[in-house]
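# What the coordinates show
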Amino acid sequence: MDLDAWLEKYNNERPHSGRYCYGKTPWETFQQSRHLALEKDLSRGGDQSDNTTLQFSAVS
């Protein structure tokens, strides 16, 4: 299985038992909590509209 297919299945098809997923897929969990990330994104100057793409950076 290639990486793209694995990521699709991992994020969109299989339920997750993580702390905040409660049996939802990771993508469903992200979509339902996106408003929280937008509220906390100080770089947007308080703009809470949902018409932008969130960008996450890796922390080393």
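Residues numbered from 1 in each chain as written. Predicted model: local features only at pLDDT ≥ 70, side-chain atom pairs only at ≥ 80, totals over all residues. Heavy atoms only, no water.

## Here's the deal with the overall build of the chain
For clarity, the cut-off: Numbering goes from the N terminus for both helices and strands, where a helix is a DSSP run of H or I of at least four residues and a strand is a run of E of at least two. We call two residues contacting when some pair of their heavy atoms lies within 4.5 Å. What sets the accessible areas is the Shrake-Rupley method with a 1.4 Å probe; for residues, cover comes only from the shown protein chains.
From N to C terminus, the chain includes two helices and zero strands. In the chain, 6% of the contacts between residues at least 6 apart in sequence involve partners at least 24 apart. When the accessible surface of the chain is summed, it comes to about 5,200 Å², and 53% of that surface belongs to carbon and sulfur atoms.

## Some details on a nonpolar patch on the surface
Using the following cut-off: Every patch collects residues that have over 30% relative accessible area and no salt bridge, joining them within 9 Å if they carry like charges and within 5 Å if they are nonpolar side chains (Val, Leu, Ile, Met, Phe, Trp, Tyr). By salt bridge we mean one thing: a side-chain nitrogen of Lys or Arg within 4 Å of a carboxyl oxygen of Asp or Glu. For the exposure calls, accessible area comes from a 1.4 Å probe over protein chains only, and a residue counts as buried if that area is under 20% of its type's maximum, exposed if over 50%, partly exposed in between.
Residues Leu 3, Trp 6, Leu 7 and Tyr 10 make up a contiguous nonpolar surface patch of about 390 Å² in total accessible area. With respect to the helices, strands and loops of the structure, Tyr 10 is situated in helix 1 (residues 3-12). When its relative accessible area of 32% is taken as the criterion, Tyr 10 is described as partly exposed.

## Digging into the side chain of Thr 29
Of note, Thr 29 is situated in helix 2 (residues 26-40). For Thr 29, the contacting residues outside a window of four places in its chain are Tyr 20, Cys 21 and Lys 24.

## Re the pattern of salt bridges
The full count for this structure, using the stated rule, is one salt bridge. For Lys 9, the salt bridge is made with Glu 13, and the minimal N-O distance between the two is 3.9 Å. Accessibility expressed as a relative area gives 41% for Lys 9, which makes it partly exposed.

## With respect to helix 2
Rules: How far a helix is expected to stretch is found by multiplying one less than its residue total by 1.5 Å. Here the bend at each residue means the angle between axes fitted to two seven-residue stretches, the one ending at that residue and the one beginning there.
With 15 residues, helix 2 extends 20 Å between its outermost C-alpha atoms, agreeing within 8% with the 21 Å of an ideal straight helix rising 1.5 Å per residue. Helix geometry: helix 2 is bent most strongly at Ser 33, by close to 50°. If you check which residues of helix 2 are buried, you get Pro 26, Thr 29, Arg 34 and Leu 38. Residues of helix 2 that are buried sit in contact with helix 1.

## Brief notes about the packing of aromatic side chains
Selection criterion: Geometry of aromatic contacts follows a simple scheme: Phe, Tyr and Trp rings, the Trp one being its six-membered ring, pair when their centres are within 6.5 Å, and the pair is stacked under 30 degrees between planes, edge-to-face over 60, tilted otherwise.
Summed over all chains, the structure comprises two aromatic pairs. When the ring of Trp 6 is compared with that of Tyr 10, the centres are 4.9 Å apart and the planes differ by 25°; the resulting orientation is stacked. Here Tyr 10 and Trp 6 lie together in helix 1, a separation of four residues that amounts to about one turn. Judged by its relative accessible area of 42%, Trp 6 falls in the partly exposed class.

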